[in-house]
Amino acid sequence: MKERRALPAPGSLPPEFGGGLFLWVRRGAPLAVAVLAFTGAAFHAGGRGWWMLAGVGALAAAWPSFLRGDAFLRNRAAVMRQDCLWAHALRPLAQWLGHEDDWILSFCGHNNQRVREAFGGRRAKRALILLPHCIQMARCKAGILDDLQACYDCGLCSVGDYMNAALMHRWEGRITNRSHKAYREAREYRPDLVVAVSCTDRLLKGLTKMPEIPCYVIPLSLPHGMCVDTDFSVPHLFAAMETLVESRRPAAEIQPLRREGIA
Ligand code: SF4
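Residues numbered from 1 in each chain as written. Predicted model: local features only at pLDDT ≥ 70, side-chain atom pairs only at ≥ 80, totals over all residues.

Draft legend 1. Inspection of the pairing of strand 3 (residues 193-198) at higher detail. The element strand 3 is extensively covered by neighbouring structure, given that six of its six residues are classed as buried. Going residue by residue along strand 3, you find Leu 193, Val 195 and Val 197 tucked away on one face and Val 194, Ala 196 and Ser 198 tucked away on the opposite face as well. Pairing geometry for strand 1 (residues 127-132) and strand 3, over four bridges, is parallel. Residue Ala 127 lies in a different strand from strand 3, and its bridge partner there is Leu 193. Here strand 3 pairs with strand 4 (residues 215-219) via five bridges, running parallel. (Buried ≥ 20, exposed ≤ 12 C-beta atoms within 10 Å, placed from the backbone. Helix = DSSP H or I, 4+ residues; strand = E, 2+ residues; numbered from the N terminus. Pairing = 2+ DSSP bridges.)

The following block contains the structure:
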């Protein structure tokens, strides 16, 4: 048996990435339309009814962006469907401007902020972690897809840290190599919160496909390009679990199985 390696400290949750941009657009655009419509109603008596209708419609479009906490959780599916429509509708423009990732990350940050507020006072009891298979080193032969404990914890990728923490804290998690498998696993487990790590494109896809499940999302970094030896902030994942999820067991109760070997 090897000596236990110290795990990264969880720390506190970092500020969310650029959530303000998405919110400004998502809330600001319909509110601006509402102001224009009501101004039109005030000055154009002939079409006042239509102006008023447009104004009320614009206010209704802006309303979901104000929902927070329990109200957000109760209406989550509808709110997320609308937010995802905005994120997808403006994605081509962001791409044209060269800020596609910033736009998606801003949407993710806005989503995360609302999830943090919703679970700040009442932590999740049944959380599920979803990780992509590409965090495993491409040359590693450990069969972690079938059995997480097949990892030798050699320290060359973040799987070892995750495995140790998941065993110690009894976190429920899945490492999958296909998005549709991850969605299926999530729906079967019926979590009250998903903490998901993925690239920006898949994070947007995941939030769109599972609007009914609250998801806290953490972006991958891609130092070697898409889907190869990707990386993410393990302390960020730990902080999200510590902050948003009810502890299931004292950390010292379970000792991770440590096997001799190399990747
Ligand atoms: S054995 Fe090493 S390289 Fe392979 S998954 Fe575990 S930590 Fe990563």
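Draft legend 2. Structural context of the nonpolar core. In terms of nonpolar packing, the biggest core is built from 56 residues, with Leu 193, Val 194 and Val 195 touching the most fellow members. Among residues more than four places away in sequence, those in contact with Val 194 are Leu 128, Leu 130, Ala 186, Ile 213 and Cys 215. (Core = buried A, V, L, I, M, F, W, Y, C linked by C-beta atoms within 7 Å. Contact = placed C-beta atoms within 7 Å.)

Draft legend 3. Looking closely at the sheet that holds strand 3. With respect to topology, four strands assemble into an open sheet ordered 2-1-3-4, the strand pairing being parallel. What marks the edges here is a single partner per strand, and that holds for strand 2 (173-176) and strand 4. Strand-to-strand twist of the sheet, defined as the mean angle between neighbouring strand axes without regard to direction, takes the value 15°. The sheet contact formed by strand 1 and strand 2 spans four bridges and is parallel. Bridging from a neighbouring strand, Ile 129 pairs with Gly 173 of strand 2. Across the sheet, helix 6 (residues 100-120) touches strand 3 and strand 4, and the angle it forms with strand 4 is around 140°. Of the strands in this sheet, strand 3 and strand 4 are in contact with helix 9 (residues 200-209), which crosses strand 4 at around 170°. (Axes fitted to C-alpha atoms, helices over the stretch in contact; angles between N-to-C directions.)

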